[in-house]
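Chain and residue survey
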Amino acid sequence: MIKKVRSHIVQNEPLLFERSSPGKKAYQLPELDVPEVNLASELGEENVRAEIPGFPEVSEVEVIRHFTRLSTWNYAIDLGLYPLGSCTMKYNPRVNEHVARLEGLAWAHPYQPEELSQGVLRVMWDLESFLCEICGMDAVTLQPAAGAHGELTGILAVRSYLESQGDARKVILAPDSAHGTNPATAQMCGYEVREIPSNERGLIDLEVLDKAVDDSVAALMVTNPNTVGIFEEDISKAADLLHARGAQLYMDGANMNALVGWARPGDFGVDVMHLNLHKTFSTPHGGGGPGAGPVAVKAHLEPFLPKPRVVDTGGNGYKLDYDRPQSIGRVRAFYGNFGVLVRALSYILAHGGEGLRNATADAVLNANYIRQGLADRYHLPYQGRSMHEVVFSDQKQTKQGIKTGDIAKRLIDYGFHPYTVSFPLIVHGALMIEPTETEGKGELDLFIDAMRSIADEVESAPEMVKNAPHSTRTRRVNETLAARNPIVRWEPAVEAEAEKPAAD
Ligand SMILES: *Cc1c(COP(=O)(O)O)cnc(C)c1O
């Protein structure tokens, strides 16, 4: 008998359109007591429609119950473990939400004059200062809206810096374990991307790097700890090698959850890096945002950061400095996703230095607890010490024809969100698991239990795993077709019939 943690909630909820029946309304308005406007003559006949085909007609209680039921289908960090690796899906303390909703912060307007914005400028100034301290860097911009956007900002700053030195270069190096956004960023900034192979331990190979860095190389982009969850132990040597040849070291800081309070990228030679506040600093994320991807730089790159910059005039309050001739310009309207910045500052202040150190230690402990709990059942491609996430492969399960994606689907039946499937690409059939620090031993034990139980099922009932999930309303969707031909809008049957392309 399998030990189900929690079964997925399924209710046979129809679409609102399917509930519709003519004449039902979710509102009641009083008699019109002002002259009626003739929309057709005001807006033009062609802009006004008499009816919306298939528009659902439902009562108020039907609307409320429909959406409330749908909301129970969501899987969220507030329901249970969300072990996506790389993404750091940790619990977001409610105090952050409270602070972000404080009237003076929530209602601050970006066009408010500086003298009425001292509080919000201080929030930005303080956050920049804390992030500088945490990263061991000299300056931070808060403008970029996400990690990938931070990469773009950081690499544009590198490009402007090198051009200002009269040494524009053409190539960006990235290890084969890199997140896809790294090469994409480099390409968008006009660079040629060269991939460097990791060694058999999943790490940067200094000999390979030595051969790869010539005077056409602008920068190396590296994630540390890397995407197999292992700290790049030669990072300082790599930095020295790059610097000696006029190149820069960019660090993808998506994995800072493993370093905060213990190691500072600025101290191991990084010139520029981004942070994902929505990962490491606990703003809720998923479903596309909002996020924030501050970029931290060493002093030589500071003049190139986006403008305006917040400055502390010392005695005369905070100001926005637009007079930045070498700046790469704006990368975002106004000053970035301010609500996210407030949450991050609240998180940092609520924890304090010691608290942040503990969070990091717990994140690393939890990942290693899971590693220990599963290492006899799942193949570990790299033996190096895990930091905040652990990467297994499906090598032991493929003998039964079961792949990482099948195991992930089965995990849904056990009431867990799947781990990250098939990333990083250098691990064939990867299972990437990041528990984060916010899980207690109880939840981790349930997860380990579920994963071990699935490993048993792979032996005893492989077909059942192959056809999972069994407890959800929708079973397996055709993911390739869904990605290529996303249909995200319901269409009334009449129209859909008429527009349907001929079958092929
Ligand atoms: C999440 C992530 C990114 C991209 O960050 P976004 O905030 O999603 O744009 C880049 N690199 C790594 C390693 C990541 O995990």
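Quick note: structure is the one above.
Throughout what follows, the structure given in this document is the object of discussion. (Residues numbered from 1 in each chain as written. Predicted model: local features only at pLDDT ≥ 70, side-chain atom pairs only at ≥ 80, totals over all residues. Heavy atoms only, no water.)

Looking now at the site of the ligand. Surveying the vicinity of the ligand reveals 13 residues, the closest of which are Ser 86, Gly 147, Asp 252, His 278 and Lys 279. Ala 148 is positioned such that a nitrogen or oxygen atom in its backbone is 2.8 Å from an oxygen atom of the ligand. Asn 276 places a polar side-chain atom, nitrogen or oxygen, 3.0 Å from an oxygen atom of the ligand. Out of a free accessible area of 380 Å², the ligand has 86% covered by protein chains. Mapped onto the shell around the ligand, the elements with two or more residues apiece are helix H7 (147–164) and helix H11 (277–280). The biggest single contributor to the shell around the ligand is H7, with three residues. Tallied by class, the residues present in the shell around the ligand amount to three nonpolar, seven polar and three charged. (Near = heavy atom within 4 Å. Polar contact = N/O pair within 3.5 Å; in protein donor to acceptor, adjacent residues only side chain to side chain. Areas by Shrake-Rupley, 256 points an atom, 1.4 Å probe, with all protein chains shown as cover. Helix = DSSP H or I, 4+ residues; strand = E, 2+ residues; numbered from the N terminus. Nonpolar A, V, L, I, M, F, W, Y, C, P; charged D, E, K, R; others polar.)

As a further point, take the pattern of salt bridges. Opposite charge on two side chains permits them to pair, given that their charged atoms come into close proximity. Taken as a whole and judged by the stated rule, the model has 27 salt bridges. One salt bridge connects Glu 192 with Arg 194, and the closest N-O pair in it is separated by 3.1 Å. Judged by its relative accessible area of 41%, Glu 192 falls in the partly exposed class. Residue Arg 410 is joined to Glu 457 by a salt bridge in which the shortest nitrogen-to-oxygen separation is 2.7 Å. Taken together, the positions of Arg 410 in helix H14 (residues 404–413) and Glu 457 in helix H15 (residues 441–460) put the pair 47 residues apart, joining distant regions of the chain. Among the charged side chains, a salt-bridge network with shared partners connects Glu 13, Arg 19 and Arg 69. (Salt bridge = Lys/Arg side-chain N within 4 Å of Asp/Glu carboxyl O. Buried < 20%, exposed > 50% of the residue type's maximum accessible area, 1.4 Å probe, protein only.)

Moving on, we come to unusual backbone geometry. Backbone torsion omega between Lys 307 and Pro 308 reads 0 degrees, so that peptide bond is classified as cis. In this fold, Pro 308 is placed in the loop between strand S7 (295–297) and strand S8 (309–312).

As summarised here, the arrangement of the three strands in space is S10-S12-S11, forming an open sheet in which the pairing is antiparallel. Strands with a single pairing partner mark the edges of an open sheet, and in this sheet they are strand S10 (390–393) and strand S11 (420–421). One ladder, built from two bridges, connects S11 with strand S12 (residues 430–433); its direction is antiparallel. Pairing of Val 421 across the sheet is with Leu 431, part of S12. Helix H12 (residues 338–374) contacts S10 and S12 of the sheet and is inclined by roughly 25 degrees relative to S10. (Pairing = 2+ DSSP bridges. Contact = heavy atoms within 4.5 Å. Axes fitted to C-alpha atoms, helices over the stretch in contact; angles between N-to-C directions.)

All right, on to a nonpolar patch on the surface then. Judged by side-chain polarity, Val 37, Leu 39 and Leu 43 come together as a nonpolar surface patch covering roughly 280 Å² of accessible area. In this fold, Val 37 is placed in the loop between helix H1 (16–19) and helix H2 (39–43). Classification of Val 37 as exposed rests on a relative accessible area of 52%. (Patch = residues over 30% accessible without salt bridge, like charges linked within 9 Å, V, L, I, M, F, W, Y side chains within 5 Å.)

The seven strands lie next to each other as S1-S7-S6-S5-S4-S2-S3, forming an open sheet whose pairing is mixed. Both outer strands of the open sheet, strand S1 (139–141) and strand S3 (192–196), are each paired with one neighbouring strand and no more. The sheet shows a mean angle of 20 degrees between the axes of neighbouring strands, taken without regard to direction. Bridging between strand S6 (residues 272–274) and S7 involves three bridges; their strand directions are antiparallel. Across the sheet, the residue bridging to Met 273 is Ala 296, located in S7.

Moving on, we come to the packing of H14 against H15. Between H14 and H15, whose axes approach to 10 Å, the crossing angle comes to 125 degrees. Here H14 is positioned oblique relative to H15, judged by the angle of their axes. For H14 against H15, the interelement crossing comes out right-handed. Between H14 and H15, the residues in contact are Ile 407, Arg 410 and Leu 411 and Phe 447, Ala 450, Met 451, Ile 454 and Glu 457, respectively. When grouped by side-chain class, the residues that make up the contact of H14 with H15 number six nonpolar, no polar and two charged. (Parallel < 35°, antiparallel > 145°, perpendicular 65-115°, else oblique. Left-handed = near helix turned anticlockwise from the far one by under 90°.)

Turning next to the environment of Cys 132. Structurally, Cys 132 is set in helix H6 (residues 118–135). Each C-alpha atom of the pair Cys 132 and Pro 308 lies 18 Å from the other, and the pair is 176 residues apart in sequence. Not counting residues within four places of it along the chain, the set of residues in contact with Cys 132 comprises Met 137, Asp 138, Ala 139 and Val 140.

So, about the packing of aromatic side chains. In the structure shown here, the tally under the stated rule is nine aromatic pairs. Arranged with centres 5.3 Å apart and planes meeting at 85 degrees, the rings of Tyr 111 and Phe 334 form a pair that is edge-to-face. With Tyr 111 in the loop between helix H5 (103–106) and H6 and Phe 334 in the loop between strand S9 (318–321) and H12, the pair connects residues that are 223 residues apart, well separated along the chain. A residue is classified by how much of its surface remains accessible, and Tyr 111, at 66% relative accessible area, is exposed. Since its relative accessible area comes to 28%, Phe 334 is described here as partly exposed. (Phe/Tyr/Trp six-rings, centres within 6.5 Å; stacked < 30°, edge-to-face > 60°.)

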